[in-house]
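A structural walkthrough
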Amino acid sequence: MEEKNEEIVFSGRQIDSRVYEGPLWPFLKERMESYGSLIALVNPYTEEEVCFKDLVVLAEQVARGLMKLGLKQGAALCVVSRNNVEFVLLILGTYAIGAFVHTPNPLSMPDELRRQIELSEAKHVVTTPEFIASVQEAVKDTDTKIIIVGPRDGNLNFSDILALGSEDVLLPPAPVDPRTAIASLLFSSGTTGLPKGVIITQRNIMAWVHQFNAHDGPLLSTDDTTVLFLQLFHAYGQVVALSASLAYGCRVVLVTKFEINEFLSFVAKYRATFLFVVPPVIIAMVNHPKLSTYDLSSVRQAMSAAAPLGKELEIQLSQKMGRTFLVQGYGMTENMAVTLRSLRHQLPGSCGRLLPNTQAKIVDPVSGKTLGVNQAGELYIRGPQVMLGYLKNHEATGQTICSDGFMRTGDVARIDADGFMYILDRLKELIKFKGEQVPPAMLEDILLNHPNIADACVIGKPDLEAGELPRAYVVPVEGAKLSEKEVIDYVAKRVPSYMQLRGGVEFRAFIPKSPSGKILRRLLRDELRQATKSHL
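Please read all numbers here as calculations on a predicted model, not as lab measurements.

Conventions adopted
Residue positions are given per chain, counting from 1 as you read along its sequence in written order. Owing to the predicted nature of the model, reporting of local features is limited to residues with pLDDT of at least 70; listing and counting of side-chain atom pairs is limited to 80 or more, with chain, interface and lining totals taken over all residues. As a rule here, side-chain values come from all non-hydrogen atoms in the structure, and water together with hydrogens is ignored. For two strands to pair, DSSP has to find at least two bridges joining them. Secondary structure elements follow DSSP: runs of H or I of four or more residues count as helices, runs of E of two or more count as strands, with numbering from the N terminus. Interaxial angle, 0 to 180 degrees, is taken between N-to-C directions of lines fitted to C-alpha atoms, where a helix line uses only the stretch in contact. Side-chain rings of Phe, Tyr and Trp (the six-membered ring for Trp) are treated as a pair once their centres are within 6.5 Å; stacked means planes under 30 degrees apart, edge-to-face means over 60, and tilted covers the remaining angles. Only protein chains enter the area calculation, which uses a 1.4 Å probe; residues under 20% of their type maximum are buried, those over 50% are exposed, and those in between are partly exposed. Here, two cysteine sulfur atoms that lie within 2.5 Å of each other are counted as a disulfide. A pocket here means an open set of points on a 1 Å grid, computed over the protein atoms alone, that has protein on both sides within 12 Å along at least five of seven lines. A cavity is instead a set of points where a 1.4 Å probe fits but cannot get out; residues with an atom within 4 Å of a point line either one. Grid points are joined across faces, edges and corners, and a volume is the space filled by probe spheres set on the points. Gly is put with the polar residues, along with every residue not named as nonpolar or charged; the nonpolar set is Ala, Val, Leu, Ile, Met, Phe, Trp, Tyr, Cys and Pro, and the charged set is Asp, Glu, Lys and Arg. Any angle that is under 35 degrees is reported as roughly parallel, and any over 145 degrees as roughly antiparallel; angles of 65 to 115 degrees are reported as roughly perpendicular and all others as oblique. The sense of a crossing depends on the near helix, which, turned anticlockwise from the far helix by less than a right angle, makes the crossing left-handed and, turned clockwise, makes it right-handed. Note on definitions: a residue-residue contact is assigned when non-hydrogen atoms from the two residues lie within 4.5 Å.

The next thing to look at is the sheet that holds strand β13 (residues 251–254). Pairing is mixed in the open sheet, where four strands are placed in the order β4-β3-β13-β12. The open sheet terminates on both sides in strands that have one partner only, identified here as β4 (48–51) and β12 (225–228). When strand polarity is set aside, the average angle formed by the axes of neighbouring strands in this sheet is 20°. Bridging between strand β3 (residues 39–43) and β4 involves four bridges; their strand directions are antiparallel. Paired with Asn 43 across the two strands is Glu 48, which belongs to β4.

Below, the discussion takes up the packing of aromatic side chains. Enumeration over the complete set of coordinates arrives at 11 aromatic pairs. Between Tyr 45 and Phe 266, the ring centres sit 5.8 Å apart and the planes meet at 80°, which makes this aromatic pair edge-to-face. Taken together, the positions of Tyr 45 in the loop between β3 and β4 and Phe 266 in helix α9 (residues 260–269) put the pair 221 residues apart, joining distant regions of the chain. On the basis of relative accessible area, Phe 266 is assigned to the buried category, the value being 9%. Taking 4.9 Å as the distance between ring centres and 50° as the angle between the ring planes, the aromatic pair formed by Phe 229 and Phe 258 counts as tilted. Taken together, the residues Phe 229 in the loop between β12 and α8 (235–247) and Phe 258 in the loop between β13 and α9 connect sequence positions 29 residues apart.

In this section: the state of the cysteines. In the structure shown here, the tally under the stated rule is zero disulfides. The thiol sulfur of Cys 250 is not disulfide-bonded, and the nearest other cysteine sulfur, from Cys 51, lies at 15 Å. Taking the relative accessible area as the measure of exposure, Cys 250 reaches 0% and is therefore buried. Unpaired in terms of disulfides, Cys 402 finds its nearest cysteine sulfur in Cys 351, a separation of 20 Å. On the basis of relative accessibility, which here comes to 26%, the residue Cys 402 falls in the partly exposed class.

Empty space among the atoms can be located by rolling a probe the size of a water molecule over them. A full pass over the atoms with the stated rule returns five cavities of 30 Å³ or more. Taken together, His 215, Asp 216, Gly 217, Leu 219, Gln 301, Val 327, Leu 340, Arg 341 and Ser 342 make up the full set of residues lining the largest cavity. Among the residues making up the lining of the largest cavity, the classes are represented as three nonpolar, four polar and two charged.

Before going further, it helps to examine the sheet that holds strand β17 (residues 339–340). Across the sheet, which stays open at both edges, the five strands sit in the order β14-β15-β16-β17-β18 with mixed pairing between neighbours. What marks the edges here is a single partner per strand, and that holds for β14 (274–277) and β18 (353–354).

Our next topic: the packing of helix α1 (residues 24–34) against helix α3 (residues 85–97). Running from N to C, α1 and α3 point in directions that differ by 125°, and their axes come no closer than 7 Å. Looking at the two axes, α1 sits oblique to α3. The way α1 lies across α3 gives a crossing that is left-handed. On α3, the residues that touch Leu 24, Trp 25, Leu 28 and Met 32 of α1 are Leu 92, Tyr 95 and Ala 96. A per-class count over the contact of α1 with α3 returns seven nonpolar, no polar and no charged.

Written out as structure tokens, the structure reads:
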């Protein structure tokens, strides 16, 4: 910890920043080629395998094909899909060109898909038959082309990309400045409001890859296998898990959709050694009546992130497994990861110490004064993994990234004398349902379009299995008759499954607001917390 100009700044250890200052694709290509015939990707449903050297060849073939279709350096390719090998090739192919991949949640409604595609200016959308109807609706009356991964259906097909890429075409030179070259566009609500396009640069990914294995000794190597069910449209799946695995030669068993028994079977079958998990999966493991029937002895370590994990749950899992193997990380889409706990420093409840070359401040949200050891306040982060900003949204970027480079996280945290961080609460409005982001503003906008709703507010209702359930507080139009079921059904028709009002609906005479008109969600959360306690 250092003090400067009365500001208290906590710091991770220093590593040479030159290791992550270069362009992304040449780095990944060199690493993957060095692993040769070692297996990189496994399709567990067909048992097809792709080795690292072939993955490089295929990625550059995809890159050439995309260039033939008009994808240029600095331009976006949109992918709307669940996990599959083609998704990985498209991600790597955009890296090879110096273009970027835009990956909306495939469960998004057509209107939201359209908004995001228009923002990214993507001229091609790659999808699967499962999501073709939503994509077609989203790009209707535009010149955006659809590419299908699957049987031919009259649209361009992924096999066309491979065919076009079979011709010898020179790939463009690496982007001049990896600090500003976009690698991935992911969407997040940040600390407030509607989902915004998070600009993840090549340097952001390069930095994370080096921070990951330099934190407290190497975490991944060519001896490792992971079963990756985390979706590649999410920062945790695409940037954190996939990039680190490929960079360090870890075999990736790519799961399309999570199902607990299938997941445990794959872990046992492929002798997985390292797992990237989320709290709902840990809950499913702890509560699984036949967990002991699966041979999970190969798992030496697992990393939990994307949502808070209570220490009681950590302890329960350790007892079920007969050993301690879980570490916890903390991050956001906007900064990928900023802390990680190691097995050498088990401290249940803590999300670990700051990653190398990362700094933090704890700031009093009222006075703006920086706080010290074991004092709770809003967490500010600065480091090479912090996003460049929000695409075409200077106002939101300015509200999130300060002039000194520190990023406001919207989370309340404290850091102890040994540098271990604890996430205590959230200032931000975002609801997390099973690791999925649910922006209250989006649900409130839908509710306010109902002819019989005068005002509305949405908060997260704590839930042991899901993390939080979206719960609405509704003010009916005077004289109107509304039922809870009517409101729930109205929203359900307009949002994906994970955004539905599973936390219920409560009717109110008014929504509490500040003098400036800002909804005081904290009051409703406190009230709900008290009501929950009184029923225990």
